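Structural overview
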Amino acid sequence: NVVLYTGGTKRWYTSEISEDENAIFEISHGELVKKKSFDKEIMTKEDPLIDFVNYVYDNYETDLYDLILWDHGGGPIYGYGQDENSIANKAMSLETLSDALSKTKLAKETKFDFIGFDACLMGSIEVAYALKDNANYLIASEELEPGDGWNYNFLSDVKVDTSTQELGKVVVDQFFKHYEYNNSKTNLTLS
């Protein structure tokens, strides 16, 4: 199951998502299906992340849970994420991120198999240490990522018996293949 939590922007470029709320969507047969709406809230606060993880944990039973965080990254100094609706435009600190994940229902039972950052500068020892109690693996870039971010075609390679190590390799390989195919001259990092 691929489940998304949306919010934090002044304008979406798809008609299925509204700027006036935060919402959870499931991707079903290539379509976005809205599952739950929330009042608009700043995405770099704890509650939206806690609400999302709890919703997924309550509604999608599985052996492994993975979390991919997409947005801007500022590494261990500036943290993760931005919200265009926030006057302060403050990122989520690593401490806030770790605390939010630790307050979820999932954290009481298990941890994420991996947390991935489709965001710049999140592949550091400090980030890994901050999330060590929340996930078994980290997938992130040590440097800046191109604006297109990850190549999510890797999702079609996920099978029921795909191990996390295999999945991590596929994520990284697809990322590099995408930019190699598009003749990107950018120095890429993802591990």
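Residues numbered from 1 in each chain as written. Predicted model: local features only at pLDDT ≥ 70, side-chain atom pairs only at ≥ 80, totals over all residues. Heavy atoms only, no water.

Across soluble globular proteins, nonpolar side chains have a tendency to be buried as a group. Leu49, Leu101, Phe112, Ile115 and Phe117 are the most contacted members of the largest nonpolar core, which has 30 residues in total. Listing elements by their share of this core, those giving two or more residues are β1 (2-6), α1 (46-59), β4 (66-70), α3 (94-102) and β5 (112-118). Among the elements that make up this core, the one with the highest residue count is α1 (6 residues). Contact partners of Leu101, with chain neighbours within four places excluded, come to Leu49, Val53, Leu67, Ala107, Phe112, Ile115, Leu131 and Asn134. (Core = buried A, V, L, I, M, F, W, Y, C linked by side-chain atoms within 4.5 Å. Buried < 20%, exposed > 50% of the residue type's maximum accessible area, 1.4 Å probe, protein only. Helix = DSSP H or I, 4+ residues; strand = E, 2+ residues; numbered from the N terminus. Contact = heavy atoms within 4.5 Å.)

Okay, the pairing of strand β3 (residues 31-39) next. Here is the key point about a regular strand: its side chains alternate between the two faces of the sheet. Pairing geometry for strand β2 (residues 21-28) and β3, over 8 bridges, is antiparallel. Its bridge partner being in β3, Asn22 is matched across the sheet by Phe38. Count of turn residues in the β2/β3 antiparallel hairpin: 2 residues, of which His29 carries a positive phi of about 55 degrees. (Pairing = 2+ DSSP bridges.)

The next subject is the sheet that holds strand β6 (residues 135-139). The 3 strands are arranged β4-β5-β6 in an open sheet whose pairing can be described as parallel. Lying at the two open borders of the sheet, with one neighbouring strand each, are β4 and β6. On average, adjacent strands in this sheet sit at an angle of 20 degrees to one another, irrespective of strand direction. Strand direction decides the pairing type here: β5 and β6, joined by 4 bridges, are parallel. Counted as the bridge partner of Ile115 is Leu138 from β6. (Axes fitted to C-alpha atoms, helices over the stretch in contact; angles between N-to-C directions.)

Turning our eyes to something else, we now look at α3. Considered for burial, the residues of α3 that qualify are Leu94, Leu97, Ser98, Ala100 and Leu101. Along α3, the residues classed as buried sweep out an arc of 160 degrees about the axis, all on the same side. In this fold, the buried residues of α3 make contact with α1, β4, α2 (75-78), α4 (105-109), β5 and α5 (125-130). (Arc of directions from axis to C-beta.)

Here helix α6 (residues 164-181) is 18 residues long and its end C-alpha atoms lie 25 Å apart, about the 26 Å a rise of 1.5 Å per residue gives. Buried within α6 we find Thr164, Leu167, Gly168, Val171, Val172, Gln174, Phe175 and Tyr179. Projected down its long axis, α6 shows its buried positions confined to an angular sector of 155 degrees, all on one face. Residues Lys169, Lys177, Glu180 and Tyr181 are exposed on α6 and point more than 90 degrees away from its buried face. (Expected span 1.5 Å × (residues − 1).)

For the coordinates displayed, the defined rule picks out 10 aromatic pairs. Between Tyr5 and Phe38, the ring centres sit 5.6 Å apart and the planes meet at 40 degrees, which makes this aromatic pair tilted. Of the two residues, Tyr5 sits in strand β1 while Phe38 sits in strand β3, which places them 33 residues apart along the sequence. When its relative accessible area of 16% is taken as the criterion, Tyr5 is described as buried. Classification of Phe38 as buried rests on a relative accessible area of 16%. Centroid distance Phe175 to Tyr179: 5.3 Å. Interplanar angle 70 degrees. Geometry classified as edge-to-face. Within this pair, Phe175 and its partner Tyr179 are both found in helix α6, separated by 4 residues, close to a single helical turn. An identical accessibility class is assigned to Phe175 and Tyr179; each is buried. By the ring-pair criterion, three or more aromatic residues cluster together here, those being Tyr5, Phe38 and Phe52. (Phe/Tyr/Trp six-rings, centres within 6.5 Å; stacked < 30°, edge-to-face > 60°.)

Purely geometric stuff here, so don't read any function into it on its own.
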